[in-house]
Amino acid sequence: MIWAYPSLKLRINVNAARNEVDVVMPGLRYDDIDFTGQPDTWRIFDMVNRVENAAFFNEESFLKYDQLYKSNYISFVKACKYEAKSTFYETTTPKTPLDVSIKLADVGDTSFSTVSEVACGGDLKPSIRIKNLHTLVHLSERKKTPLPNWWKKEFEALLQENKATSLLNVLPQPKPLLTFRHEFAVPLHDTDFSAHTRCASYFRYFVENASLASHRGFYQNIKTSFHDFHIKKVIMLYVSPSCWGDSLVSETWEGEAPLTLHCMICKKDNPQEIVWYGEMDMFSEVFGMKF
């Protein structure tokens, strides 16, 4: 988080039960705005995930993640859902400050879910909502492992009334024969401390592919530009890891519903092995200036 916002003296407020976090961000940086003057969606997603990760390793650790880490456990995001309200893109909506709140939403046998919400300009109603499904891994074995009994008992008890929260299930759609392909290598700055590709990087690969595909007239239902529309929802599934220097291929295609796109990312030398999958829904309205 400090690397992304080096001048930011971030105060992370974790509640006594360690299941909720509140952080006030000063607002969007210059780099968080795209060339159309609108918030760059994948960067917003990245910012919120960085806040969550910083909360995990805060002195008052969110979800007592520090104790999990000391016991040689770590989690990775297996699936997530990003949702934005249309008002977020309206130029009259202030983008400063940003109130980021994170809370525990679900506890399973080997995983837990968190929900992050972003409210703009002091508004009490969130404009952005992100749900992450975290899977626990034992570092020495590098495979999925059950949540420790003490952790599950403690945090499951805090969910009493929220236990019915819907599960996050992402089922990849079959890839058609005709897709828009884009080949690339994973640069170092797209990876985490272990040189694995970060969550937000895959989101960006999706956006970059869609941008190129619309620019070259590949899509039937997007007659102008991908950038004329704004992202309403993205669901994502992380199937297998990729690392710094890996050669990947992203492929996108249109869904049956209007303004819906699908993306599948595979390794170039093993196209049958899915690395990441995403689905994107866009608003039909155009907000702000049209390019």
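What you see is a predicted model, and the numbers here were worked out from it, not measured in a lab.

### Remarks on the packing of helix H1 (residues 41-56) against helix H4 (residues 199-215)
At their nearest, the axes of H1 and H4 sit 9 Å apart, and the two run at 175 degrees to each other. Here H1 is positioned roughly antiparallel relative to H4, judged by the angle of their axes. Facing H1, whose interface residues are Thr41, Trp42, Phe45, Asp46 and Asn49, H4 presents Cys199, Ala200, Phe203 and Arg204.

### Topic: H4
With 17 residues, H4 ought to run about 24 Å at 1.5 Å a step, and its terminal C-alpha atoms sit 25 Å apart, in line with that. Extensive coverage of H4 is indicated by the burial of 13 of its 17 residues. Looking at the residues trailing H4, positive phi occurs at glycine 217, about 70 degrees.

### Quick notes on the pairing of strand E3 (residues 73-84)
Relative to strand E6 (residues 128-138), E3 runs antiparallel, the two sharing 11 bridges. Along E6, the bridge assignment pairs glutamate 83 with arginine 129. Taken together, the five bridges between E3 and strand E9 (residues 230-238) define a ladder with antiparallel strand orientation. Residue glutamate 83 lies in a different strand from E9, and its bridge partner there is lysine 233.

### Focus: the side chain of asparagine 19
Within the secondary structure, asparagine 19 sits in the loop between strand E1 (13-14) and strand E2 (20-25). If sequence neighbours within four positions are ignored, asparagine 19 has contacts with Phe62, Leu63, Ile102, Lys103, Leu104, Phe155 and Leu158.

### Observations regarding helix H3 (residues 149-156)
Within H3 the residues assigned to the buried category are Trp151, Lys152 and Phe155. Considered in projection along H3, the buried side chains sweep an arc of 95 degrees and stay on one side of the axis. H3 presents Asn149 and Lys153 as exposed residues on the side facing more than 90 degrees away from its buried surface. Lining the buried residues of H3 we find helix H2 (65-70), strand E4 (98-107) and strand E5 (111-120).

Reading guide: rules and limits
- Residues numbered from 1 in each chain as written.
- Predicted model: local features only at pLDDT ≥ 70, side-chain atom pairs only at ≥ 80, totals over all residues.
- Heavy atoms only, no water.
- Axes fitted to C-alpha atoms, helices over the stretch in contact; angles between N-to-C directions.
- Helix = DSSP H or I, 4+ residues; strand = E, 2+ residues; numbered from the N terminus.
- Parallel < 35°, antiparallel > 145°, perpendicular 65-115°, else oblique.
- Contact = heavy atoms within 4.5 Å.
- Expected span 1.5 Å × (residues − 1).
- Buried < 20%, exposed > 50% of the residue type's maximum accessible area, 1.4 Å probe, protein only.
- Pairing = 2+ DSSP bridges.
- Arc of directions from axis to C-beta.

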